Amino acid sequence: MQEVFYEESVSTHNEKSAKFRYTLFTVFGWLCILSLAFALLNIWALFYTPVSEESGVTLRSVLLGMIPWAIMLVLAIVGAVLLFKKRHAFYLSYDYTFVSGELRISKVLHGRKRKFLYRLSDDQLVKIGRVGSESYKKLKASPDLKEDILTPNEEAAEDKEFYYIQAVTNVGKRILVLECRQELLATILRCIRKNILESEFNKK
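The rules behind each value
Residues numbered from 1 in each chain as written. Predicted model: local features only at pLDDT ≥ 70, side-chain atom pairs only at ≥ 80, totals over all residues. Heavy atoms only, no water. Helix = DSSP H or I, 4+ residues; strand = E, 2+ residues; numbered from the N terminus. Rg over C-alpha atoms; globule rule 2.2 N^0.38 Å. Buried < 20%, exposed > 50% of the residue type's maximum accessible area, 1.4 Å probe, protein only. Contact = heavy atoms within 4.5 Å. Areas by Shrake-Rupley, 256 points an atom, 1.4 Å probe, with all protein chains shown as cover. Lys, Arg positive; Asp, Glu negative; His and termini not counted. Charge placed at Lys NZ, Arg CZ, Asp CG, Glu CD. Salt bridge = Lys/Arg side-chain N within 4 Å of Asp/Glu carboxyl O.

Draft legend 1. Expanded view of the overall build of the protein chain. Across its full length, the protein chain holds four helices and eight strands. Seen in sequence order, the protein chain has helices and strands lined up from the N terminus as β-α-α-β-β-β-β-α-β-β-β-α. Relative to its length of 204 residues, the protein chain is extended, with a C-alpha radius of gyration of 26 Å against a globular reference of 17 Å. In the protein chain, buried positions account for 39% of the 204 residues. Within the protein chain, residue pairs in contact and separated by at least 24 positions form 66% of the contacts whose partners lie at least 6 positions apart. Accessible surface, the protein chain: about 12,800 Å² in total, of which carbon and sulfur atoms supply 59%. Taking the 29 positively charged and 23 negatively charged side chains of the protein chain as two groups, their mean positions are separated by 2 Å.

Draft legend 2. Main features of the pattern of salt bridges. This structure, assessed with the given rule, holds nine salt bridges. Ionic pairing is found between R181 and E8, a salt bridge with its closest N-O pair at 3.5 Å. One end of the pair, R181, is in the loop between β8 (172–180) and α4 (182–191); the other, E8, is in strand β1 (residues 5–11), with 173 residues separating them in the sequence. R181 gets classed as partly exposed once you look at its relative accessible area, which sits at 29%. For E8, a relative accessible area of 3% corresponds to the buried category. Close ionic contact of R119 with E102 constitutes a salt bridge, the shortest N to O distance being 2.8 Å. Residue R119 is found in strand β4 (residues 113–121), and its partner E102 is found in strand β3 (residues 102–109); the two are separated by 17 residues along the sequence.

See below:
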């Protein structure tokens, strides 16, 4: 049997803006880390401050002096974690690959780091259709189905559309939203052994 291979990628439309925001969040993340180190040094210095009645330095004054630095430490830690985590939401892309009966979906962070998301065989695919159709709305309203948006864009590119794939994955039932050409769906439908296209697909 001849192997069928189809691959497609989708990236953010405004890559320049995405790179800028990624860089901006990275810079502010490192500033938080510097603030964290500065707060730690001051807390450490206060911890070893000699306490004596003669100098007027009491344990209470030392502890009160630590409070602003402790607050700064907590804020710096929270800020660094959020900034470094959030920066990946701007500059990312997705790869959709179909190889003879198996759909593979990966996320690519800032053009370098690839994160594998789904590997679906034909028996795990339940339904395919257009986002916004009646079938899609019914599926989205179902409490046991979780939607996973697998595109960085809110508007599809000129040669692409938003499609959904209802699937049974290793992490539960999912509605996977893809931004792709119709060729990807046609390739999948040609290779699987059942008709999973929504009934109203060709009524558009």
